[in-house]
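An overview of the molecular structure
So you can see what is in the structure, the chains are spelled out below.
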Amino acid sequence: MSKKVMLCAISNISSGNCSEDCSFCTQSAHNDSDIDKFKKKPVEQILKEASIAKQNKAVGFCLVTSGKGLDDRKLEFVTNVAKEVKKRTDIMLIACNGIASYEQLKELKKAGIDSYNHNIETSESFYKTICSTHDWHDRYKTCQDAKKAGLMLCAGGIFGLGESEEDRSEYIDSLRSLEPFSSPINFFIPSKSLKVDGEKITKQKGVEIIKKVKKALPSTKLMVAGGRELVFGEDLGSMFKAGAEAMVIGDYLTSKGDEPCRDLRILNNLGFEPQSSCHE
Ligand code: SF4
């Protein structure tokens, strides 16, 4: 019997110019990164990306907007996009729109969003070091409200920002208290514009991190996301052996991913078959 892997694709539907000062993020206006910046990606383009995601065997398609959170205009944009994608493509929809209220999350659910992605990023103690413009608690509360609103929760974080092992343990404890359905594991991608004095995550460290998170959250699907290429290269087998069961396929928000056909070939050679639904 072949092993299963869950694949998800990301679409950056509103990019850059974020007022927040998250030190690891190229979309922050404070970091002056050379990235594409736009308020609204055209719906036709998003529909095309959803269809490519489906061709690349992604079971989920994530609509990501930059910024601290949702306001009325952004909520209207995301709900309209969600309805259009649902009409044309049979794919699970994830929204990732920052801090959101319970009412806004209910609206997303009504528009056909299945899951909400909001990362708590790191430990509450370390968060102040990487962001001064909003509070870790607001992030945590959004995750709780997403579940209350009937959305599946996808909550995770980022490693390699200079956090200690204690911070990692504290982060994992917080994550465990949220019991997310899935959890992205991101590894910091250095960039000239980002002033992060972090630790370069080696493959061995990446394996240790995945094992540690999996041990604490055995029922959560761990998804290796940003930085996968830097840490694991072509050795996707090591991630899955350590406990990952999912990964992002295609490009990230502001950086290129590996070629989907190459990743699919590697997965196939390892005996993995992409899931056709997220509940397999
Ligand atoms: S709030 Fe989100 S988009 Fe804005 S800087 Fe932080 S991580 Fe980046």
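As shown above, the structure is provided for reference.
Read on for an overview of the structure. (Residues numbered from 1 in each chain as written. Predicted model: local features only at pLDDT ≥ 70, side-chain atom pairs only at ≥ 80, totals over all residues.)

Turning our eyes to something else, we now look at the overall build of the chain. A tally of regular secondary structure across the chain gives ten helices and ten strands. Here the chain has a C-alpha radius of gyration of 17 Å; the compact-globule value for 280 residues is 19 Å, and the two agree. Its C-alpha atoms give the chain principal-axis dimensions of about 45 × 45 × 35 Å. Buried residues in the chain amount to 45% of all 280 residues. (Helix = DSSP H or I, 4+ residues; strand = E, 2+ residues; numbered from the N terminus. Rg over C-alpha atoms; globule rule 2.2 N^0.38 Å. Buried ≥ 20, exposed ≤ 12 C-beta atoms within 10 Å, placed from the backbone.)

Now for the environment of I130. With respect to the helices and strands, I130 occurs in helix α4 (residues 124-130). Remark: the alpha-carbon pair of I130 and A50, spanning 80 residues in sequence, is separated by 32 Å. In contact with I130, not counting residues within four places along its chain, are C22, S23, F24, T122 and L161. (Contact = placed C-beta atoms within 7 Å.)

By nearness alone, every residue bordering the ligand is listed as C18, E20, C22, C25, Q27, S28, S66, G67, K68 and G98. Counted by class, the shell around the ligand contains three nonpolar, five polar and two charged residues. (Near = placed C-beta within 6 Å. Nonpolar A, V, L, I, M, F, W, Y, C, P; charged D, E, K, R; others polar.)

Between two packed helices, both the angle of their axes relative to each other and the distance between the axes serve to describe the pair. Helix α3 (residues 102-110) packs onto helix α2 (residues 72-88) with a crossing angle of 20 degrees between their chain directions and a minimal axis gap of 9 Å. Here α2 is positioned roughly parallel relative to α3, judged by the angle of their axes. Once α2 is placed against α3, the crossing between them reads as right-handed. Contacts between α2 and α3 pair L75, V78 and T79 from the former with Q104, E107 and L108 from the latter. Tallied by class, residues from the contact of α2 with α3 come to three nonpolar, two polar and one charged. (Axes fitted to C-alpha atoms, helices over the stretch in contact; angles between N-to-C directions. Parallel < 35°, antiparallel > 145°, perpendicular 65-115°, else oblique. Left-handed = near helix turned anticlockwise from the far one by under 90°.)

So, on to the nonpolar core. Among the nonpolar cores identified, the biggest contains 78 residues, and C8, L63 and M223 are the most heavily contacted of them. In contact with M223, other than residues within four places in its own chain, are C8, S182, S183, P184, I185, A244, A246, M247 and V248. (Core = buried A, V, L, I, M, F, W, Y, C linked by C-beta atoms within 7 Å.)

What follows concerns helix α1 (residues 43-55). For α1, built from 13 residues, the straight-helix expectation of 18 Å at 1.5 Å per residue is met to within 8% by its first-to-last C-alpha distance of 19 Å. Listing the buried residues of α1 in full gives I46, E49, A50 and A53. Seen from one end, α1 has its buried residues packed into an arc of 105 degrees, which puts them on one side. Seen from the buried face of α1, the exposed residues on the opposite side, beyond 90 degrees, are E44, K48 and Q55. Buried residues belonging to α1 abut β1 (3-14), β2 (60-65) and α2. Taken from the residues just after α1, K57 is the one with a positive phi, measuring 70 degrees. (Expected span 1.5 Å × (residues − 1). Arc of directions from axis to C-beta.)

A few words on unusual backbone geometry. Positive phi values are uncommon outside glycine, yet E121 reaches one of about 70 degrees. Mapping E121 onto the fold places it in the loop between β4 (115-117) and α4. Given 23 C-beta atoms within 10 Å, E121 falls into the buried group. A positive phi angle is found at E179, which is not glycine, with a value near 45 degrees. Secondary-structure assignment places E179 in the loop between α6 (165-178) and β7 (182-187). Given 13 C-beta atoms within 10 Å, E179 falls into the partly exposed group.

Turning our eyes to something else, we now look at the packing of α1 against α2. In the contact formed by α1 and α2, the axes pass within 10 Å of each other and the chain directions differ by 45 degrees. Taken together, the axis directions place α1 and α2 in an arrangement best described as oblique. Read as a crossing pair, α1 and α2 show a hand that is right-handed. Across the interface between the two elements, V43, I46, L47 and A50 from α1 touch V81, E84, V85 and R88 from α2. For the contact of α1 with α2, the class distribution of residues is six nonpolar, no polar and two charged.

Everything listed here is a matter of geometry and, on its own, says nothing about what the molecule does.
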